Number of protein chains: 2
Amino acid sequence: MSRPQRVPRAELRQAILDAARDILDREGVSGLSARAIAREVGYTAASIYNVFGSMSDILMEVNRETFVELEKLIAGLPANEPPSARLHLLCQAYISFMRRNPALWNALFGGTRHRETFPEWYAEAIRRLFGQLTHLLMAHAPGLEPERAQRLTEQLYVAIHGAVALESDRRLDILTSQSAGEIAASVLDAMLIRLKPKA
Amino acid sequence: MSRPQRVPRAELRQAILDAARDILDREGVSGLSARAIAREVGYTAASIYNVFGSMSDILMEVNRETFVELEKLIAGLPANEPPSARLHLLCQAYISFMRRNPALWNALFGGTRHRETFPEWYAEAIRRLFGQLTHLLMAHAPGLEPERAQRLTEQLYVAIHGAVALESDRRLDILTSQSAGEIAASVLDAMLIRLKPKA
DNA sequence: ATACCTTATTGAACGTTGTTCAGTAACTCT
DNA sequence: AGAGTTACTGAACAACGTTCAATAAGGTAT
């Protein structure tokens, strides 16, 4: 094989991650392999392992970028709405983001290779996302205790996760005629009504 | 390899399924392979393909048996309780069944090999499960319209699925300190309270 | 019994996967 | 120019799902 120009490690590293995302987008998670990435960046599969320790390291790094993109999307949501509306917007944004990038979602939550431990940024990213939800919940129902808001946030997210996971496996339409968005909206509405029955 | 005694197709078929479940139990879904099954039943990998068309056919057949077992478990639940208590029992039974057989759950919902279509019994099994939930919901809130009960059932199940899926990926404890059972109970309670605010 | 036919089983192969490692080429610095 | 560091590859290993021609075994008919 004719060798490509020598290139510093960091440069190849980004090329690998870009290629990985392209392949995920184009062929789905089952089309992603070390050799496929190598072909795409013009290197050999062995070169991948000079930069990343394992295939699952690459996936985790792609996941980190995915989380960053998701946070940017959420940060761009309109802020001059009542809390309940913003909660709905946030949930729908999450769902439609995952719907727009099914392979990225699959990399995030789908292919459960025996993932032993999760990196520290993983829990932090989730905490940030949950923080926004909790904050909005408390803005909507002023008297709400923080721990209860936290628990409600977690329950809401778990429900949304269930809907998106099922949809991504093409199982949701077997179970129900409701869309993931409708389910999320219903669960959220049920919560909001309970928290603020009158106004 | 010394050949085993010749045996009718149907006999080997069941041996394969039993071996598959044993392996799933023992080594998890990543330890399951055609060659592993063959080793277990004392045959060659090629023999597996005289009986089943593909590895994913075997998994689907295991899944069917799993569903049957789950239904038996549910059928054995105490019936002389008020509907709300029976709903809780059903949800907890579902969760603890999946917790007791994590690899079977993983085969059911986890490893999403490009599963093109689902067999007809799949939708039927779900319909039966959902039917019980819907029935109990309507028994609890007599005035409830069937379509609404159906939608609530679906939402409840999706939430439970989310919790179990996350727990099975060891991600639930990253998101929350609540257990899958607690989350399911909370979501169910929220539903029941809304349906019957006074008593 | 002998021949035949059907069914069960295998060995060996193909192409794929993740991963490792010794070897080589290319730059940098003295 | 020579040495040292860094980048890159070829080839291999073990495992995967899957296929298929070849073989062995059992039942049936002559």
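Criteria and thresholds
In this numbering scheme, every chain counts its residues from 1 along its sequence in written order. Think of it this way: whatever chain is written first is A, whatever ligand is written first is 1, and the rest follow in order. Local features are withheld for residues below a pLDDT of 70 in this predicted model, meaning they are given only at 70 or higher, and side-chain atom pairs are given and counted only at 80 or more; totals for whole chains, interfaces and linings count all residues. Hydrogens and water are ignored here; the side-chain numbers use all heavy atoms of the structure. Copies are brought into register by a least-squares superposition over C-alpha atoms of residues with pLDDT of at least 70 in both. Contacts are residue-level and defined by heavy atoms, with any inter-residue pair within 4.5 Å sufficient. Accessible surface is computed with a 1.4 Å probe, and the buried area is the amount of it that two parts give up when combined, taken over both parts together. Put simply, a salt bridge is a Lys or Arg side-chain nitrogen that is within 4 Å of an Asp or Glu carboxyl oxygen. As used in this structure description, the phrase polar contact means that two N or O atoms lie within 3.5 Å; if the pair is within protein, one of them must be able to donate a hydrogen and the other to accept it, and residues adjacent in sequence are counted only when both atoms belong to side chains. Going along the chain from the N terminus, every DSSP run of H or I of four or more residues is numbered as a helix, and every run of E of two or more is numbered as a strand. The nearness test applies per residue and asks whether one of its heavy atoms lies within 4 Å of the molecule or strand. Charged means Asp, Glu, Lys or Arg here, nonpolar means Ala, Val, Leu, Ile, Met, Phe, Trp, Tyr, Cys or Pro, and polar covers whatever is left, Gly included.

Caption draft 1: Representation of the relation of the copies chain B and chain A within the structure. Of the transformation placing chain B onto chain A, the axial shift is 0.0 Å and the rotation is 180 degrees, giving an RMSD of 0.0 Å. Both copies are brought into coincidence by an operation consistent with a two-fold rotation axis. In this assembly, 100% of the residues forming the interface of chain B have copies in chain A that are likewise at the interface, indicating an isologous arrangement.

Caption draft 2: Structural context of the interface of chain B and chain A. With 35 residues of chain B at the interface, the matching set in chain A holds 35 residues. Taking both sides of the interface into account, the surface hidden between chain B and chain A amounts to around 3,100 Å²; carbon and sulfur atoms contribute 64%. Of all residues in chain B, the largest losses of buried area upon contact with chain A belong to Val158, Arg171 and Leu175 of chain B, amounting jointly to 20% of the total for that side. Taken together, chain B and chain A are joined by zero salt bridges. Where chain B meets chain A, there are 14 residue pairs in polar contact (both at pLDDT 80 or more). Going through the elements one at a time, helix H6 (102-110), helix H7 (120-140), helix H8 (146-168), helix H9 (172-175) and helix H10 (180-195) of chain B are the ones with two or more residues in the side of chain B that touches chain A.

Caption draft 3: Examining the protein's contact with DNA strand C more closely. Of all residues adjacent to DNA strand C, which total 25 residues, the nearest are Arg6 and Tyr49 of chain A together with Met1, Arg6 and Asn50 of chain B. A share of 58% is what sugar and phosphate atoms reach among the atoms of DNA strand C within 4 Å of the protein. For DNA strand C, a phosphate oxygen lies 3.0 Å from a polar atom in the backbone of Ala34 of chain A. In this structure, Ser47 of chain B approaches DNA strand C through a side-chain N or O atom, which is 2.7 Å from a phosphate oxygen. Breaking the surface near DNA strand C down by element, the ones donating at least two residues are helix H2 (34-41) and helix H3 (45-51) of chain A together with helix H1 (9-27) and helix H3 (45-51) of chain B. With three residues, the top contributor of residues to the surface near DNA strand C is H3 of chain B. For the surface near DNA strand C, a count of residues per class yields 12 nonpolar, six polar and seven charged.

In short, shape yes, function no, at least from these values alone.
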